[in-house]
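# Chain and residue survey
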Amino acid sequence: MGQPSRITAVLGPTNTGKTHYAIERMLGHRTGIIGLPLRLLAREVYDKIVAARGPSVVALVTGEERIVPPRTQYWVCTVEAMPEGMGVDFLAVDEIQLCADPERGHVFTDRLLRARGLHETLFLGSDTMRGTIAALVPQAQFMRRERMSRLTYAGSKKISRMPARSAIVGFSVDNVYAIAELIRRQKGGAAVVMGALSPRTRNAQVELYQNGDVDYLVATDAIGMGLNLDINHVAFSSLTKFDGRRMRHLAPNELAQIAGRAGRGMADGTFGVTGEAEPLEDEVAEAIMEHRFTPIRKLQWRNHALQFGQLDALIASLEDVPQDDLLVRVREADDLMALKSLSQVAEVRARASDAASVRLLWDVCRIPDFRGISHAEHSSLLEAIFNFLHQSGRVPDDWLATQIKRIDRTEGEIDTLSKRLAFIRTWTYVAQRSGWVRDESHWREATRAVEDRLSDALHARLTQRFVDRRTSVLLRRLKQKEALLAEVNDKGEVTVEGEFVGRLEGFRFRQDRDATAQEAKTIRQASISALAPHFNLRADRFYNAPDTEIDFTEQGGLMWGDQAVGKLVAGADPLKPQVAAFVDDEAGPEVAQKVQRRLQHFIDRKIAALFEPLLALSRDEALNGLARGFAFRMVENLGILPRASVAEEVKALDQEARGALRKHGIRFGQFTVFMPLLLKPAPTRLRLVLWSLARGLDEFPEAPPPGLVTVPTIKDAHPEFHIMSGYRAAGERAIRIDMLERLADMLRAEDSRTGFEAKADMLSITGMTLEQFADLMQGLGYKAERGERPKVKAAEAPEAAAPTQTAAEGTTEAAAPEDAPAPTEAEVEAQAEPQVDAPAAPVAEAPAEPAEMEVFYSFTWGRKPPSQQGRPGRGRQGQGAQGAQADQPQAEGEARPDRGERSGKPRGKGKPQGDARGQDRNKDRGKGRDRNRDGDKPQQGAKTYEARPPRAKDRIDPDNPFAAALMGLRDKT
């Protein structure tokens, strides 16, 4: 190459604008080429020049990417990919101090010694290269550039105390990931930059940092190679690294190269250590701040004059030693190791028999080991590629497609995607080589598309794992003191700046439960600030909402739709509870007062509507004396009083007082004094809540389901619970008090002394089975005697006979109660149409069959009033249900003292029962009855005449086990 007109070494520390100066110089020439140490930096410089001159005249050439327009004027390359013999006007090599790097130094040294521009050549790098360049390139001129900002050592800091806009440097993938995870938990997230990332992934991660989505960058030493980022502080998490052969300490100039990324432009920067890294020694820290380092005295070198005549000659030329004392032969590189391995393969050696084949083999061996699996695995892959190229001149499309298809998958975690990216880089490199594949454009696009997909997936995984975008966005907005934009959807979900932060439940903010403790603090701070206007708007809407949108729960909560906005608390009066609003303190006192006023209005109106009869009773000034005192008791007990608890007060009320109280809807029942309007479901539900508040219960009981006559008794309930819910406990079940009074009316018509059975109406109003009714009656104070008797089988009578039955024949089976004792077969036969032509069969010949038995209960009053205990015979016939209690109340209809005020039990029928009826009942109890339902003996007295002929005698079923007795009885009558 011809001697350039001018060679200049532009030397100085980082942040001196050397790269920017070289770009300006190159664009001042018609053509030019610049070599950069990283493809990431090459892409960054390429984008800058494209922005200045357009893509049609700028080429990008790296090992895995090749963009070469037809009219290329400016070439941006990695140092290894710089084309030779281009004859451009300008040539520059950045980071020339890498001539001393054990891995790549020989490439930079070759460019220093042999690469020249026709008019101008620039070498950019550290001032430590001054002496070596002066010795090896005597004609070079030197330009010193000073740092534009100040760099200061800040000592050691914990990651939790790391300032914003910091870069934490690690020297292994595991270390980088661990630091990024820690920062995500404590600071909201970090971007990750490593040399192994594709340019697309790296640019996406850098963008996260540059646009402020995250304030922290975790990187390898790749950021030390010219990446221009807005970093204020650089912290080293370690001072040692693995250089491919061994662990070693970083030299001061290497630390300075990385630390110099802090304080870009005119902004000062700091550097320090963190984690397990020991603080820097004072001498090292001062050297970095003052940019004083030991000069580089030895450069890595490898022979460029290679011999391709024979395979052994090529290996020998690569192992040649330099003649200059400033140069040292590079250690055996990966490409030379691969060449030696393949030279031992007989088939490869046989194919590499001429200069062209040896050159082809060397080109194949220079494929970088991106995968890093093992040397043997890499050599095996190179052997396959060389055999394809030597045999057919191309890598087969189907084989290449298979290799790429195996990699083209975007599922998996970070490590998996990183490995696939490393694998695709191999095929991207192959596709970029001229003449190695049949359709170069197709395979370059295919490999690029796969790399882009994997890069995007890797970026997404990195962001998902190491960036809490929500916390990062909120922190950034808070620091910028900008007004945060909050939105609340119809489900109450709150988003701030587009990030979900929690839910607004009524007037309380419930932040996302998935947030960590550190995130929760940020979310709370940002959300409350952004929700302030929403609280006021919601309070106005709530204040103007109709009562139909507000309700109370059985536990005393106050709901606005499905959102809790407050709760009831006990007041001085059970009918005047207070409210406590659920409003966050951050919403402000005005919002809290508005919500509380609206809730108080609601509950006051609700009580006024549901307890209107009770409130009217309390306000009636016309009541005086005992009536006013009794009204107070009713109001105090929310409209329901067990009669036993006020028996003496009821007795003391005269008819005028009772009448005044009845005008307010009070009913004086046998068991309960109550207001029927307050037994409806809505008042009952509210009454239980108010009662629970007044009693100070921790857990409020639930109201029974509406419409049920009886409910199961709650064993451990508060003694007043059942009466407050509108029920009276009796045995295993509790019966509604209004239905109990109806039952009491029926019981007064029964003879509770000699015994009676349950009627169908009794079972109907209670909705119980016979066994349940017996348990209920026992709970009310009755004795229930269980018995069994033969079950009567109803015989179907002709329809024409039904209208001719007389009243003397008794009540038909159809009118009998469902659970009343069924009539015997003889009774059914007596009511059926006579069968004249069917005489009764002889009894002696009737076959005996076991009768089906049925269960029945006979009820008698089980207790006596205390005034009559020990004095038998003093009680009147018909005394009933609660006679054993001295204070047992009377039913509402028994107002006259001589009819019931002095008697504490249900009365019998108005007319005394005959002795024969009572004796027959006692005789028949427990063993069944064979008489008519309405009479204990045959009807006598006045005769009945009919217009039709007399009927034949009823036919007796011979199968009936009582047939003989019935036939004898019929003969007597």
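Quick caveat, the model's predicted, so the values are computed rather than measured.

## Description of the overall build of the protein
- On a plain count of helices and strands, the protein comes out with 32 helices and 34 strands.
- Buried positions account for 49% of the 973 residues belonging to the protein.
- For the protein, restricting intrachain contacts to residue pairs at least 6 apart in sequence, the fraction spanning at least 24 positions comes to 69%.
- In the form shown here, the protein has an accessible surface area of approximately 46,800 Å², with 49% of it arising from carbon and sulfur atoms.

## Some points on the environment of Ser198
- Mapped onto the elements, Ser198 comes out in the loop between β11 (191-193) and α6 (199-210).
- As for Ser198 and Asp452, which are separated by 254 residues in sequence, their C-alpha atoms are 8.3 Å apart.
- Apart from residues no more than four positions distant in its own chain, Ser198 is found in contact with Arg39, Leu40, Leu421, Glu451 and Ser455.

## Some remarks on the sheet that holds strand β31 (residues 727-730)
- Across the sheet, which stays open at both edges, the 3 strands sit in the order β30-β32-β31 with antiparallel pairing between neighbours. With one partner strand each, in any of the chains shown, β30 (710-712) and β31 form the two edges of the open sheet. Averaged over all neighbouring strand pairs, the angle between strand axes comes to 30°, with direction disregarded.
- Here β31 pairs with strand β32 (residues 733-736) via 4 bridges, running antiparallel. Within β32, the residue paired with Ala730 across the bridge is Arg733.
- Sheet contacts for helix α26 (residues 737-748): β31 and β32; angle to β32, the most-contacted strand, approximately 85°.

## Quick look at the pairing of strand β12 (residues 216-219)
- Residues Tyr216 and Val218 point to one face of β12 and Leu217 and Ala219 to the other, with burial holding for every one of them.
- Where strand β10 (residues 166-169) meets β12, 4 bridges bridge the pair, whose relative direction is parallel. In the sheet register, Val169 faces β12, and the bridge partner there is Ala219.
- With 3 bridges connecting them, β11 and β12 associate as parallel partners. For Val192, the partnering residue across the bridge sits in β12 and is Val218.

## Re helix α21 (residues 625-636)
- Between its terminal C-alpha atoms α21 stretches 17 Å, which fits the 16 Å expected from 12 residues at 1.5 Å a residue.
- Taken together, the buried positions of α21 are occupied by Ala627, Phe630, Ala631, Met634 and Val635. Angular distribution of buried residues about the axis of α21 spans 140°; they occupy a single face of the element. Among the exposed residues of α21, those oriented more than 90 degrees off its buried face are Gly625, Leu626 and Phe632.

## Digging into the confidence of the model for the protein
- Residues with a pLDDT of 70 or more make up 78% of the protein, whose mean pLDDT is 81.
- Contacts of residues 864-949 to residues separated by more than four positions or lying in other chains number 157 contacts, the stretch itself having pLDDT below 50.

## Quick notes on the sheet that holds strand β28 (residues 667-668)
- Sheet architecture is open: 3 strands sit in the order β27-β29-β28, paired in antiparallel fashion. Each having just a single partner strand, β27 (640-642) and β28 make up the two edges of the open sheet.
- Where α26 meets the sheet, it contacts β27, β28 and β29 (672-674), and its direction lies at approximately 130° from that of β29.

## Let's talk about the environment of Asn637
- Inspection of the secondary structure assignment puts Asn637 in the loop between α21 and β27.
- A distance of 2.9 Å separates a polar atom in the side chain of Asn637 from the backbone oxygen of Arg633.

## Observations concerning a negative patch on the surface
- Where like charges cluster on the molecular surface, the negative patch consists of Glu281, Asp282, Glu283 and Glu286.
- Relative to the elements of secondary structure, Glu286 occurs in helix α8 (residues 282-290).

## Structural notes on the pattern of salt bridges
- Per the stated rule, a full pass over the model turns up 49 salt bridges.
- Glu44 is paired through a salt bridge with Arg202; the nearest N and O atoms lie 3.1 Å apart. You can see Glu44 sitting in helix α2 (residues 39-53) and its partner Arg202 sitting in helix α6, a full 158 residues away along the chain. With respect to class, Glu44 is no different from Arg202; both count as buried.
- Ionic pairing is found between Glu181 and Arg184, a salt bridge with its closest N-O pair at 3.4 Å. Taken together, the positions of Glu181 and Arg184, both in helix α5 (residues 173-187) and 3 residues apart, correspond to about one turn of that helix. In this structure, Glu181 and Arg184 share a single accessibility class: buried.

Cut-offs used in this document
Residues numbered from 1 in each chain as written. Predicted model: local features only at pLDDT ≥ 70, side-chain atom pairs only at ≥ 80, totals over all residues. Heavy atoms only, no water. Helix = DSSP H or I, 4+ residues; strand = E, 2+ residues; numbered from the N terminus. Buried < 20%, exposed > 50% of the residue type's maximum accessible area, 1.4 Å probe, protein only. Contact = heavy atoms within 4.5 Å. Areas by Shrake-Rupley, 256 points an atom, 1.4 Å probe, with all protein chains shown as cover. Pairing = 2+ DSSP bridges. Axes fitted to C-alpha atoms, helices over the stretch in contact; angles between N-to-C directions. Expected span 1.5 Å × (residues − 1). Arc of directions from axis to C-beta. pLDDT = per-residue confidence, 0-100. Polar contact = N/O pair within 3.5 Å; in protein donor to acceptor, adjacent residues only side chain to side chain. Patch = residues over 30% accessible without salt bridge, like charges linked within 9 Å, V, L, I, M, F, W, Y side chains within 5 Å. Salt bridge = Lys/Arg side-chain N within 4 Å of Asp/Glu carboxyl O. Lys, Arg positive; Asp, Glu negative; His and termini not counted. Charge placed at Lys NZ, Arg CZ, Asp CG, Glu CD.

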